[in-house]
Amino acid sequence: MAYTDVYAAWQNDPEGFWMQAAQAIDWDRQPSRALWDENAPLYEWFADGMVNTCWNAVDRHVAAGRGDQAAIIYDSPVTHTKQTISYAELKDRVASLAGALRAKGVEKGDRVIIYMPMVPEALEAMLACARLGAIHSVVFGGFASHELAVRIDDARPKCIIAASCGIEPGRVVHYKPLLDGAIEAAAHKPDFCVIFQREQEVAHLTEGRDVDWHAFQYGVTPADCVPVEGNHPAYILYTSGTTGQPKGVVRPTGGHLVALNWSMKNIYGVEPGEVFWAASDVGWVVGHSYICYAPLIHGNTTVVFEGKPVGTPDAGTFWRVIAEHKVRAFFTAPTAFRAIKRDDPKGELIANYDISNLHALFLAGERADPDTVEWARRVMGVPVYDHWWQTETGWTIAGYPTGLGGMTVKVGSPGVPMPGYDVQILDEAGHPVPAGTLGAIAVRLPLPPGTLPTLWNAEARFRKSYLDHFPGFYETGDAGYRDEDGYLYIMARTDDVINVAGHRLSTGGMEEVLAGHPDVAECAVIGVTDELKGQLPLGFLCLNKGCDRPHADIVKEVVARVRDQIGPVAAFKLAVVVDRLPKTRSGKILRATMVKIADSEDFKMPATIDDPAILDEIRAALQTLGYARG
Ligand code: COA
Ligand code: AMP
């Protein structure tokens with residue numbers, strides 16, 4: 001069936017559509033219906049089904065006789081390691097780890113934080129939690145202690161599973177001291193920690209609290225899969241909002257299984273047994289959905305790649321991995337391609353590799369600029385499909401469903417809405433706007449299976465952040481428009497979230513850190529355009545009256561503060577001291593105007609600005625950093 005038929009089939013009978021898709025999942029008890037709308041505008045899917053994620057991602061493939069197929073290919077140029085783990089081996093490893101966790105008291109509903117780099121053990125930890133019905137929360141390795149502590153206090157984990165270290169090009173990331181610092185700072189203390197000791201760095205274990213990954217599995221009884229309700233949380237994944245307090249996106253078990261499984265064939269066009277590679281990190285939603293769960297649920301082989309697009313060892317690494325492991329579908333963020341294009345502008349390195357097995361490249365996580373898309377298409381010789389989604393949805397809102405026949409690609413658009421998503425462009429008053437008109441992008445409720453039903457322990461915040469502004473809709477936080485053919489165009493965020501190298505960051509969160517510096521009276525952080533990373537954060541600092549310390553020292557200190565409290569991933573390196581910030585007469589900082597000045601774009605003088613002369617001071621300050629030169 002073609003896309004339009006499938007979308008129409010969903011529109012005509014959403015319940016039937018999702019019950020049909022649910023048949024591809026092994027249920028311990030079939031759900032009696034798909035949608036549960038008793039608590040609208042809060043919705044649930046497959047709530048009375050009983051199911052286990054790990055069974056569907058691992059055991060069922062072994063039971064079906066595919067135990068010898070590779071489940072995970074680990075390819076780590078930073079440690080010069082390659083390893084293949086079959087489904088049968090994965091089952092044994094996960095069952096053993098789950099057995100050891102259970103022996104130490106982890107049960108269904110308990111939270112487990114996972115703080116690990118891109119190693120197969122990270123996936124095994126996630127799957128072991130799923131096996132027990134425990135709720136994992138993976139924290140990205142590029143976050144520092146403070147961010148980890150915030151998540152520990154919100155999720156209140158019984159256990160934390162961490163690696164001794166991560167490897168970034170040129171440096172070892174000492175996870176264990178970061179973990180110790182986070183536990184020390186957090187009010188909540190886990191009962192125990194499991195430490196996966198890597199060869200590159202063996203960490204000191206804290207007696208009475210830490211156990212060794214291998215040692216604590218010795219002699220345990222492997223755990224069987226524990227069936228859970230369809231609406232049981234599979235995991236919590238924290239994502240940036242407008243403040244320093246991250247939002248705990250809850251992923252429900254049943255909808256997650258159904259939607260991800262549906263996406264593999266219909267969106268990514270792969271068959272079970274084929275190799276799927278998402279070059280992201282397990283700490284992000286792309287890693288959850290498309291490194292770990294979806295490929296395994298669908299019976300594909302997933303690639304766990306520990307490296308970077310460039311420098312590990314060169315800009316041909318991606319081509320090597322695609323060629324060597326016969327990757328059929330490849331997914332990454334546009335920033336990775338910008339990095340490759342910068343190092344190898346003509347794409348010459350690809351000539352050394354045979355990537356003929358690849359059928360398409362999928363891009364997401366940030367706006368795919370047409371130059372990069374064109375470059376990738378030309379160099380790789382395969383179709384390039386942008387698609388748009390968020391941590392909150394867990395899978396594609398708009399894309400090009402390659403498994404549903406061909407669709408015309410419009411460069412600059414991430415495609416058309418997937419079944420389950422009734423996407424509307426709304427004006428400020430919540431009325432739909434005509435094609436071609438910019439507005440807030442919203443999705444009519446209910447959202448489809450797999451999307452967030454709420455935020456962890458924060459239902460009021462969930463309603464306020466997503467549901468209250470446009471009653472009857474989910475507010476995506478993105479602005480854009482739709483063309484006459486129904487293709488969407490994503491233009492900007494409507495909140496303070498910025499996107500740095502495909503990583504979602506809160507400028508509000510950074511402002512909280514800057515404001516904590518003893519010499520800073522007031523501050524603002526904006527996202528300025530960056531050729532490689534899409535955006536970079538840039539801070540303006542107003543100092544306390546009487547502060548006569550050298551500005552360069554203060555800038556250095558706030559840069560270190562953000563790295564220390566949020567983490568290196570914030571990529572916060574630009575800050576400048578100014579006398580005043582531009583504000584409206586009611587005192588609102590004019591961040592959007594400052595962004596336009598930094599990016600040398602035309603802007604309309606805000607009618608409500610208090611003192612237009614401040615903008616000249618801002619321009620001059622930005623010029624000292626190399627911005628606002630146009
Ligand atoms: N653990 C610890 N530190 C990490 C980390 C991790 N898992 N990931 C990144 N960092 C650090 C980096 O080492 C860097 O530190 P530095 O300031 O000491 O150089 C900092 O965080 C910023 O990282 P990043 O923004 O990723 O920049 P980079 O220069 O290391 O790499 C790219 C730039 C474009 C190559 C890289 O961002 C990339 O490959 N992106 C792919 C996109 C992606 O994975 N997106 C995820 C969503 S799909
Ligand atoms: P995250 O939750 O980290 O996946 O970030 C989601 C946000 O990234 C979206 O709300 C968008 O702002 C942005 N984003 C993701 N994919 C795209 C895309 N294909 N085009 C434009 N922006 C995107």
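See above for the structure.
Procedures and definitions
- Residues numbered from 1 in each chain as written.
- Chains lettered and ligands numbered in written order.
- Predicted model: local features only at pLDDT ≥ 70, side-chain atom pairs only at ≥ 80, totals over all residues.
- Heavy atoms only, no water.
- Helix = DSSP H or I, 4+ residues; strand = E, 2+ residues; numbered from the N terminus.
- Axes fitted to C-alpha atoms, helices over the stretch in contact; angles between N-to-C directions.
- Parallel < 35°, antiparallel > 145°, perpendicular 65-115°, else oblique.
- Contact = heavy atoms within 4.5 Å.
- Nonpolar A, V, L, I, M, F, W, Y, C, P; charged D, E, K, R; others polar.
- Near = heavy atom within 4 Å.
- Polar contact = N/O pair within 3.5 Å; in protein donor to acceptor, adjacent residues only side chain to side chain.
- Areas by Shrake-Rupley, 256 points an atom, 1.4 Å probe, with all protein chains shown as cover.
- Pairing = 2+ DSSP bridges.

(A) Seen up close, unusual backbone geometry. Ala 40 connects to Pro 41 through a cis peptide bond whose omega is 10 degrees. Along the polypeptide, Pro 41 turns up in the loop between β1 (35-36) and β2 (44-45). Of note in the backbone geometry, Asn 457 takes a positive phi value of approximately 55 degrees without being a glycine. With respect to the helices, strands and loops of the structure, Asn 457 is situated in the loop between β24 (439-444) and α13 (459-467). Backbone geometry places Ala 628, a non-glycine residue, at a positive phi of 55 degrees.

(B) A look at the packing of helix α1 (residues 3-12) against helix α2 (residues 14-22). Closest axis-to-axis distance for the α1/α2 pair is 5 Å, and the angle between their directions is 115 degrees. Between α1 and α2, the crossing angle belongs to the class labelled roughly perpendicular. Touching Val 6, Ala 9, Trp 10, Gln 11 and Asn 12 of α1 are Pro 14, Phe 17 and Trp 18, all from α2. Looking at the contact of α1 with α2 residue by residue, the classes come out as 6 nonpolar, 2 polar and no charged.

(C) Main features of the site of ligand 1. Taken together, 24 residues surround ligand 1, and among them Glu 168, Arg 171, Lys 533, Arg 563 and Lys 573 come closest. Take Arg 171: an N or O atom from its side chain is 2.7 Å from an oxygen atom of ligand 1. Arg 563 has a polar side-chain atom sitting 2.9 Å from an oxygen atom of ligand 1. Calculation on ligand 1 without its partners gives an accessible area of 930 Å², and the protein chains cover 84% of this total. At the level of secondary structure, the elements contributing two or more residues to the shell around ligand 1 comprise β10 (171-174) and α11 (334-343). Of the residues that constitute the shell around ligand 1, the class distribution is 11 nonpolar, 6 polar and 7 charged.

(D) The arrangement of the sheet that holds strand β26 (residues 488-493) in detail. Sheet architecture is open: 4 strands sit in the order β23-β24-β25-β26, paired in antiparallel fashion. Two strands in the sheet have a free side with no partner beyond their single neighbour: β23 (423-426) and β26. Within the sheet, the average angular offset between the axes of one strand and its neighbour, ignoring direction, is 50 degrees. Of the strand pairs in this sheet, β24 and strand β25 (residues 473-482) are connected by 5 bridges, and their pairing is antiparallel. Bridge pairing in β25 links Ala 442 to Glu 475.

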